[in-house]
Amino acid sequence: MSLDPVMFSTATNMFHSIANEMGSVMLLSAYSSIAREAKDTSTCLLDAGGRVVAQSIMIPMHMNSLSSAVGYLRERFELAATEPDEVYVMNHPYANGQHLHDIIMMLPIFHAGHLCGFAGSISHHVDVGGSAVISSTATELFQEGIIIPPMKLKENAAFHGGVLEQILGANVRAPGLVLGDYRAQHFACLRGRELLQKMVERFGADTVAQAMTELQDYSERYMRTNLARLPQGTYHGEDFCDPLRSGEPPLAIRATVTVSGDQVDVDLSGCADQVEGPVNSPIASTFSAVFTFFVSMMSEGVPVNDGSYRPITVRTRKGSICDPIYPAPVRSRMSTCYRIFSALRAAFATDVPDRVAACGHETTTSVAFSRRTPEQYHVYHEVIAGGLGASMHGAGCDGVAQPLSNTGNTPIEVMELDLDFVRVRSYGLITGSGGKGKHHGGMGIRKVYEIVSDDVTFCSNGDRCNTAPWGACGGEPGSRSAFRIQRGDEILDLGALNTLRVQKGDLIIIETCGGGGWGKPEPTSSISAENKKRIA
């Protein structure tokens, strides 16, 4: 028998409150600015079978990928045999993780000896070792940092100075920041455990388990209802990633989407082959990009969980950039993930204009600075926003986080408190960078950093230096991104992927692109040069 509507609504809101409170604990406990300020971290509540029930409102790429990661854990371990003092930890991209910087952990939640669910957390860590904070030259996964395979450990081994903490701390440049954030993940999961136990005490284990199942079924029904409203048929969309090297052709991302009744099939087998560089997207990231696109087409406020993904099938080609073969590097996989997202946008932009906007900045533009002193390694990492694409409902937003990442702005004051070898010279919107249209695209951002010490390493990743965000329904494209160094009177043009030593006095100039416009621009009256002379 189903739960009555009042109990179902109460339980649903409590599940989401638990996930969001876990997120708040994570942010309040985190050490690094990438977690504390940019909020590149997520938390969730799972049922006893490891299926996501409720997620914090944080990073879509994280939230919509945890199901894949837990699915791998479910295949390797018998989750039902989990002991109360055990924990699951991993970051392996080829075990349905994201990239090595994203550490995933999952704590079991017991009540009266009964497994009631799991508390999960995933967080981007400022450094995981490897050849650089952001390695643009990696040709193998091993060069990108420490690999944590899917592990089931006793909590004392995973935390509290145990063996995993010791190994992790010994392999990173900034152990204080990394271990601080790692422990913050643990605290968040402990809070989730405590809150669900209180909920079970109040309503009973059977009622809570039934509510978890019904919430996932509700999300599935809602997704199917939304998919059934799409025009039936097959759609095609494509977009392009920047090439790894100047002069090479761009990397094609092609999506074929078949809408059949209340389900969709997404075929990405036509995408470019995997490359010897860090922009390959592991399969869980590819799935997450697809899931996030379809979730974005739903009404705001609808619960997203494992049930939401059931009507969506994703097909790839092994050895492609969307499903690479181990040990291809994946550190900067977001470039490809965003092109998957924008290729799906392109597929539906004309036929479903009320739900799909023009293309925006849609990449993760990451910037990192590091410097070693006799005392310690100093590491800093932030994400720069860009312009959103316009839609039939209005202009694109200026200088905001993009749909897959949703990261926050890191205040200049935070950076200057953390570092004494870089300062921000200017930071603002780029006028006119949004594409023209009936509704114009959002403006991108220009940020200029000054290097004030020697021996500083600058790292970055991003996209859109070669191909501008496209406009929709007659709208014009936005501007392109740019990465430059001003050294005296010389301007050095860089690509988006960089790992290089910079000099004292250098200005690092980052420009993110504006969003595409929507609809044909309104005609404007113009006065010829001859008439201007007559008027004068």
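Since the structure is predicted, the reported quantities are computational estimates derived from the model, not experimental observations.

S.K.: It is not clear to me how the pattern of salt bridges should be interpreted in this structure. Could you clarify?
M.R.: Where charged atoms of side chains with opposite charge meet at close range, the side chains can pair. Within this structure, the stated rule accounts for 33 salt bridges. With its nearest N and O atoms 3.4 Å apart, the salt bridge here joins R36 to E37. Measuring nitrogen to oxygen at the nearest pair gives 3.3 Å for the salt bridge that ties R224 to D262. Of this pair, R224 sits in helix 8 (residues 205-228) while D262 sits in the loop between strand 8 (251-260) and strand 9 (263-267); the two residues are 38 residues apart in sequence, bridging distant segments of the chain. Salt bridges linked by common partners bring D217, E220, R224, D262 and R310 together as one network.

S.K.: Please clarify how the environment of Y88 should be interpreted in this entry.
M.R.: Along the polypeptide, Y88 turns up in strand 3 (residues 86-90). Residue Y88 is classed as buried on the basis of its relative accessible area of 1%. The contacts of Y88, once residues within four sequence positions are left out, are L73, F77, E78, L79, T82, I104, M105, M106, F118, M151 and K152. In terms of polar contacts, Y88 uses its side chain to reach the side chain of T82, at 2.6 Å.

S.K.: Just checking my understanding: could you explain the packing of aromatic side chains for this structure?
M.R.: We describe a pair of aromatic rings using the distance from one ring centre to the other and the angle between the two ring planes. Enumeration according to the criterion identifies 16 aromatic pairs in this entry. Through successive ring pairs, a cluster of aromatic residues spans Y235, F293, F294, F341 and F348. A cation over a ring is seen here: R173 above Y377, with NZ or CZ 5.8 Å from the ring centre.

S.K.: What am I meant to see in the sheet that holds strand 16 (residues 482-487) here?
M.R.: For sheets, the rule is that strands pair by backbone hydrogen bonds, running either parallel or antiparallel. In spatial order, the strands read 13-14-19-16-17; together these five strands make up an open sheet with antiparallel pairing. Of all strands in the sheet, those bounded by a partner on one side alone are strand 13 (422-429) and strand 17 (490-494). The average angle at which neighbouring strand axes cross in this sheet is 20°, direction not considered. The pairing of strand 14 (residues 445-451) with strand 19 (residues 507-511) spans five bridges and is antiparallel. When the sheet's bridge partners are listed, V448 is paired in strand 19 with I509.

S.K.: Where do I start with the sheet that holds strand 10 (residues 312-315) in this structure?
M.R.: On the basis of which strands lie adjacent, the open sheet formed by four strands has the order 7-8-9-10 and mixed pairing. With one partner strand each, in any of the chains shown, strand 7 (233-241) and strand 10 form the two edges of the open sheet. Geometrically, the sheet is characterised by an average inter-axis angle of 20° between neighbouring strands, direction not taken into account. Direction of pairing for strand 7 relative to strand 8: antiparallel, over a ladder of nine bridges. Bridging from a neighbouring strand, H236 pairs with T256 of strand 8. Docked against the sheet, helix 11 (residues 334-348) engages strand 7, strand 8 and strand 9, running at close to 140° with respect to strand 7.

S.K.: Just to check I follow, could you spell out the nonpolar core for this structure?
M.R.: Note that soluble globular proteins tend to have their nonpolar side chains buried in a common cluster. Among the nonpolar cores identified, the biggest contains 61 residues, and F15, V89, L168, Y182 and L196 are the most heavily contacted of them. Among the elements that line this core, the one with the most residues is helix 7 (residues 175-203), at 10 residues. If we ignore the near neighbours within four places in the chain, the residues touching V89 are I103, I104, M105, I148, P149, P150, M151, A158, L164 and Y182. Residues V302, I340, F348 and V352 belong to the second largest nonpolar core, which totals 55 residues.

S.K.: Mind showing me how you'd approach the pairing of strand 11 (residues 365-372) here?
M.R.: For a regular strand, side-chain orientation follows a simple rule: the groups alternate between the two sheet faces. Here strand 11 lies mainly inside the structure; six of its eight residues are buried. Bridge count between strand 11 and strand 12 (residues 377-384): eight bridges; the pairing is antiparallel. The partner of V367 across the bridge, within strand 12, is E382. In sequence, strand 11 turns back onto strand 12 through a hairpin of four residues. Two strands pair when backbone bridges link them, and strand 11 and strand 15 (residues 456-461) are joined in this way by five bridges, in the antiparallel orientation. Within strand 15, the position partnered with V367 by the bridge is S460.

Cut-offs used in this document
Residues numbered from 1 in each chain as written. Predicted model: local features only at pLDDT ≥ 70, side-chain atom pairs only at ≥ 80, totals over all residues. Heavy atoms only, no water. Salt bridge = Lys/Arg side-chain N within 4 Å of Asp/Glu carboxyl O. Helix = DSSP H or I, 4+ residues; strand = E, 2+ residues; numbered from the N terminus. Buried < 20%, exposed > 50% of the residue type's maximum accessible area, 1.4 Å probe, protein only. Contact = heavy atoms within 4.5 Å. Polar contact = N/O pair within 3.5 Å; in protein donor to acceptor, adjacent residues only side chain to side chain. Phe/Tyr/Trp six-rings, centres within 6.5 Å; stacked < 30°, edge-to-face > 60°. Lys NZ or Arg CZ within 6 Å of the ring centre and 35° of its normal. Pairing = 2+ DSSP bridges. Axes fitted to C-alpha atoms, helices over the stretch in contact; angles between N-to-C directions. Core = buried A, V, L, I, M, F, W, Y, C linked by side-chain atoms within 4.5 Å.

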